Amino acid sequence: MSECRCVTVEDASLAYPCVAGKTVPWSNALQPSRDWFARNLGGSVEGLHVLGDDGVPAGHLYWCGSEHALLPYHLEPGTATVLCEWVDHRHRGRGIARDMHAGLIDTLEAKRCKGIFVEATDEVEYMHRRHFEKRGFRPVLEWARGCLMYLPLSQAQAWAQAIPLSLPCFSDAPVEVVVVGSLFCPVSASTLLTLREVAASFGGKVRLFEFPASRQAVDSWGVGHGIFVNGTERFIGPVSRAAVLKTLEDAAREQQR
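We now turn to the structure provided with this report. Note that residues are indexed from 1 along each chain, following the sequence as it is written. Owing to the predicted nature of the model, reporting of local features is limited to residues with pLDDT of at least 70; listing and counting of side-chain atom pairs is limited to 80 or more, with chain, interface and lining totals taken over all residues. Hydrogens are left out, water is left out, and the side-chain values use all remaining heavy atoms of the structure.

Structural notes on helix α4 (residues 186-200)
Here α4 is 15 residues long and its end C-alpha atoms lie 21 Å apart, about the 21 Å a rise of 1.5 Å per residue gives. Throughout, exposure labels follow a simple rule: accessible area from a 1.4 Å probe, protein chains only, divided by the maximum for the residue type, with under 20% read as buried, over 50% as exposed, and the rest as partly exposed. The helix count covers DSSP runs of H or I at least four residues long, the strand count covers runs of E at least two residues long, and both are numbered beginning at the N terminus. Looking only at α4, the buried set comprises Pro186, Val187, Ser188, Ala189, Ser190, Thr191, Leu192, Thr194, Leu195, Val198 and Ala199. The span you would expect from a helix comes to 1.5 Å times its residue count less one.

What follows is the structure, given as structure tokens:
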């Protein structure tokens, strides 16, 4: 059985092993995401690491108390929310994901947690719902923005309410880009870094607004992490500089019609 370690501030330098030491386009955002992780540890993020023989995490499981979750839901206090889970492909098949899940349950039961939520996806490589169904999670809320699932611990059911998106306009610019948070994951953080550069090249045609991730943003606007172009969420997942440029150019042309 793999040994799970609760992530401390000192361990924040090991966060996101899914990116560290790898050649991927979003490697440039590893440090900004680690800085965010360290600042928010104990609030909007908690974590478990399983270390490999080389001392580098072979897997991570990041979670938080539901009252701090930067997801578009009101969730019953006293529950927890899984945010991200990953196992290095070199270590898969050794039961690391199972051991991290067991470690999370041990941690939460010690806190007398009622149960665990997760926003699952239909993407096989990322938080796939079937992966959580095998562990006993069951859907409690399905809507256009996601599938929320729940695993009981001390309480068979817990209430959850979706928060609709209500992002306001902040300018009269032809193209308005609004970024809320987007530092939790190095993929979205890398997109943010690219956006800062590309948006500036448009002059006044593109206005970029950045707001920190917070429960206040979730409660007010229905979003804790996200990138929006003229009110529509864009850039979910990896994106190239060329794709960012084209999206902003297309948005500018659309406004000229």
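Points about the packing of α4 against helix α6 (residues 241-256)
If you want to describe how two helices pack, look at the angle between their axes and the distance between the axes. Close contact between α4 and α6 brings their axes to 10 Å; oriented N to C, the two are set at 50 degrees. Our classification of the angle between α4 and α6 gives oblique. In this structure, α4 meets α6 at a crossing whose hand is right-handed. Residue-level contacts link Thr191, Thr194, Leu195, Glu197, Val198 and Ala199 of α4 to Arg241, Val244, Leu245 and Leu248 of α6. Just so you know the grouping, Ala, Val, Leu, Ile, Met, Phe, Trp, Tyr, Cys and Pro go in nonpolar, Asp, Glu, Lys and Arg go in charged, and all remaining residues, Gly too, go in polar. A class-by-class count of the residues in the contact of α4 with α6 yields six nonpolar, two polar and two charged. The axes used here are C-alpha line fits, helices contributing only the stretch in contact, and every angle between their N-to-C directions lies in the interval 0 to 180 degrees. The cut-offs work like this: below 35 degrees is roughly parallel, past 145 is roughly antiparallel, 65 to 115 is roughly perpendicular, and the gaps in between are oblique. In this scheme the handedness of a crossing depends on how the near helix is turned from the far one: anticlockwise by less than a right angle means left-handed, clockwise means right-handed. The contact rule is simple, with two residues in contact once any of their heavy atoms fall within 4.5 Å.

Focus on unusual backbone geometry
One non-glycine residue, Tyr16, lies in positive phi territory at about 60 degrees. Note that Tyr16 resides in the loop between β1 (4-6) and α1 (30-40). Residue classification places Tyr16 among the buried positions, given a relative accessible area of 2%. Even without being a glycine, Phe235 presents a positive backbone phi close to 60 degrees.

Examining the packing of aromatic side chains
Pairs were defined over the aromatic rings of Phe, Tyr and Trp, the Trp ring being its six-membered one, requiring ring centres within 6.5 Å. Orientation was assigned from the angle between planes: stacked under 30 degrees, edge-to-face over 60, tilted for the rest. Following the criterion strictly, the structure yields 12 aromatic pairs and no others. Ring centres 5.8 Å apart and planes at 80 degrees place the aromatic pair Tyr16 and Phe37 in the edge-to-face group. A residue pair is termed long-range when its members are at least 10 positions apart, and Tyr16 in the loop between β1 and α1 and Phe37 in helix α1 qualify at 21 residues. Of the two residues, Tyr16 and Phe37, both sit in the buried class. Between Phe170 and Trp221, the aromatic rings sit 5.6 Å apart at their centres with planes inclined by 75 degrees, giving edge-to-face as the arrangement. With a gap of 51 residues between them, Phe170 in the loop between β9 (160-162) and β10 (175-180) and Trp221 in helix α5 (residues 215-221) connect regions that are remote in the sequence. Assessed through its relative accessible area of 29%, Phe170 is described here as partly exposed. Here Trp221 falls in the buried class, since its relative accessible area comes to 16%. Grouping aromatic residues by their ring pairs yields a cluster made of Tyr16, Trp36, Phe37, Tyr62 and Phe184.

Focus on the nonpolar core
Put simply, buried Ala, Val, Leu, Ile, Met, Phe, Trp, Tyr and Cys residues joined by side-chain atoms within 4.5 Å make one nonpolar core. Ranked by internal contacts, the top residues of the largest apolar core, which has 24 residues, are Leu104 and Ile116. For this core, the elements supplying multiple residues, two or more each, are β2 (46-51), β3 (57-65), β5 (80-87), α2 (96-110), β6 (115-120) and β8 (146-152). Here the element with the most residues in this core is α2; it accounts for six residues. In this structure, Val7, Val19, Leu70 and Cys84 belong to the second largest nonpolar core, which totals 20 residues.

A closer look at the state of the cysteines
Two cysteine sulfurs form a disulfide in these notes if their separation is within 2.5 Å. Within this structure, the stated rule accounts for zero disulfides. Just so you know, Cys6 is unpaired, no disulfide at all, and the nearest cysteine sulfur is the one on Cys4, 8.5 Å from it. The structure places no disulfide on Cys84, whose sulfur is separated from the nearest cysteine sulfur, that of Cys18, by 6.1 Å.

Points about the sheet that holds strand β7 (residues 138-143)
If DSSP finds at least two bridges between two strands, the strands pair. The strand order β1-β2-β3-β5-β6-β8-β7 describes an open sheet built from seven strands, whose pairing is mixed. Both edges of this open sheet fall to β1 and β7, since each of them pairs with a single strand only. Across the sheet, the mean angle separating the axes of adjacent strands is 25 degrees when strand polarity is ignored. In terms of strand pairing, β6 meets β8 through six bridges, oriented antiparallel. In the strand pairing of β8, Ile116 is matched with Leu151. Along the sheet face, α2 touches β1, β2, β3, β5, β6 and β8 and points at about 35 degrees away from the line of β3.

Considering the environment of Cys147
When you line up the elements, Cys147 lands in strand β8. Judged by relative accessible area, which is 6%, Cys147 ranks as buried. Taking C-alpha positions, Cys147 is 15 Å from Cys84, a pair spaced 63 residues apart along the chain. In contact with Cys147, other than residues within four places in its own chain, are Val118, Glu119, Ala120, Arg129, Pro139, Leu141 and Glu142.

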